[in-house]
Amino acid sequence: MHDDDSAEVPVTMDDGATILLRRLGPPARERVVISHGNGLAIDGFAGFARALVARGLEVVAFDMRNHGRNPRHQGTGPNWRRFIADFPAILHGIDQSFGQKPTHGAFHSLSSAVCLLAQAETPYPWRSLTLFEPPVPPGTDDPGLPAFLDYHVQLSERAMRRRARFDAPEALITSMRRSSLFRLVAGEDIERLARATLRPAPEGGWMLSCPPEFEAATFRIEDIVALRPGLARITCPVNLVLGDETIHYAGILVETGRALARDFGFRTTDLAQATHFMQLEHPELCAGLVAGFVREATAAAPR
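This text gives an overview of the structure that appears in the document. No experiment lies behind these values; they were computed from the predicted model shown.

### A look at the packing of helix 5 (residues 169–178) against helix 6 (residues 187–196)
With their axes 9 Å apart at the nearest point, helix 5 and helix 6 run at an angle of 130° to one another. As summarised for this structure, helix 5 and helix 6 are arranged oblique, according to the angle between their axes. As for how helix 5 packs across helix 6, the hand of that crossing is right-handed. Packed against helix 5, whose contacting residues are P169, E170, L172, I173, M176 and R177, the element helix 6 presents G187, E188, I190, E191, L193, A194 and R195 at the interface. For the contact of helix 5 with helix 6, the per-class residue count stands at seven nonpolar, one polar and five charged.

Here you go:
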């Protein structure tokens, strides 16, 4: 157990991959674990993390494998199966490194879907889960499944064309600022996100921490369609936070979230004037939603 206000601990997965755990801020009675979406890095969500710490919560952050600060690792097997296998090992590492305590999750996109799928297979004693638009595919009999899979094929093809190397971080910052995907994100937060998704390249300059081919493979999401029915085994409180369909660039993610709530009894919260990157767009508001759900779950927990 670490007593300083922040700490970083590496944990090793069963195939040798390293995941760096970071406790942000001081220990507290209730812990919130956070991670990010495909191709991103949790350091880019620093505003959201700070807002959680300011609400008296202990925050532990980690990047998914082959993202952010983690060393690159050539694993075996499909990306999604590796992510799902990693999750229990990461959570065990958090408990071993920072001590066991009431723990809540607040995950975005990729990590939120992995959390649900891992929870169905290897239950963890979450006190609550606040999940920001988890891209779990619709069921096999859902008429929305073909459109959902086609959307992710398009994302995969786009990721494969992504520029992987930059002379300086400013080039990626400029590109992100031009993108309509980040139109609601403050300039300084775009800069933080861009820098977090880069690492120095061995031959000089900078490269994406998550290789485009790895990001593209992760968007091939059809492999997890068959895992969806297992979510019926989840018993901890789940709140799905969904963006605003009137301004969303991917309304299909909102529809998918509503289908998850309908089929498995999860709660939903709609966030006005927000898109898929809502924790970057509205970090204080999103942290407030998490803290409110933490208080509710804590009050309802057996004593």
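### Examining the pattern of salt bridges
One pass over the full model with this rule turns up 28 salt bridges. Where R127 meets E30, a salt bridge forms, and the shortest distance between an N and an O atom there is 3.1 Å. Residue R127 is found in the loop between helix 3 (110–121) and strand 6 (128–132), and its partner E30 is found in the loop between strand 2 (18–24) and strand 3 (31–35); the two are separated by 97 residues along the sequence. Residue E30 is classed as buried on the basis of its relative accessible area, which comes to 10%. A salt bridge links K101 to E58, with the shortest nitrogen-to-oxygen separation between them at 2.6 Å. Highlighted residues: K101 in the loop between helix 2 (79–98) and strand 5 (103–108) and E58 in strand 4 (residues 58–62), separated in sequence by 43 residues. The network of salt bridges with shared partners includes E8, R22, D43, D63 and R69.

### Re the packing of aromatic side chains
In this structure the tally under the stated criterion is 11 aromatic pairs. Ring geometry for F83 against F214: centres 5.9 Å apart, planes inclined by 85°, an arrangement best described as edge-to-face. Of this pair, F83 sits in helix 2 while F214 sits in helix 7 (residues 212–219), and the two are 131 residues apart along the sequence. Taken together, F62, F87, F107, Y124 and W126 form an aromatic cluster joined through their ring pairs.

What counts and how
- Residues numbered from 1 in each chain as written.
- Predicted model: local features only at pLDDT ≥ 70, side-chain atom pairs only at ≥ 80, totals over all residues.
- Heavy atoms only, no water.
- Axes fitted to C-alpha atoms, helices over the stretch in contact; angles between N-to-C directions.
- Helix = DSSP H or I, 4+ residues; strand = E, 2+ residues; numbered from the N terminus.
- Parallel < 35°, antiparallel > 145°, perpendicular 65-115°, else oblique.
- Left-handed = near helix turned anticlockwise from the far one by under 90°.
- Contact = heavy atoms within 4.5 Å.
- Nonpolar A, V, L, I, M, F, W, Y, C, P; charged D, E, K, R; others polar.
- Salt bridge = Lys/Arg side-chain N within 4 Å of Asp/Glu carboxyl O.
- Buried < 20%, exposed > 50% of the residue type's maximum accessible area, 1.4 Å probe, protein only.
- Phe/Tyr/Trp six-rings, centres within 6.5 Å; stacked < 30°, edge-to-face > 60°.

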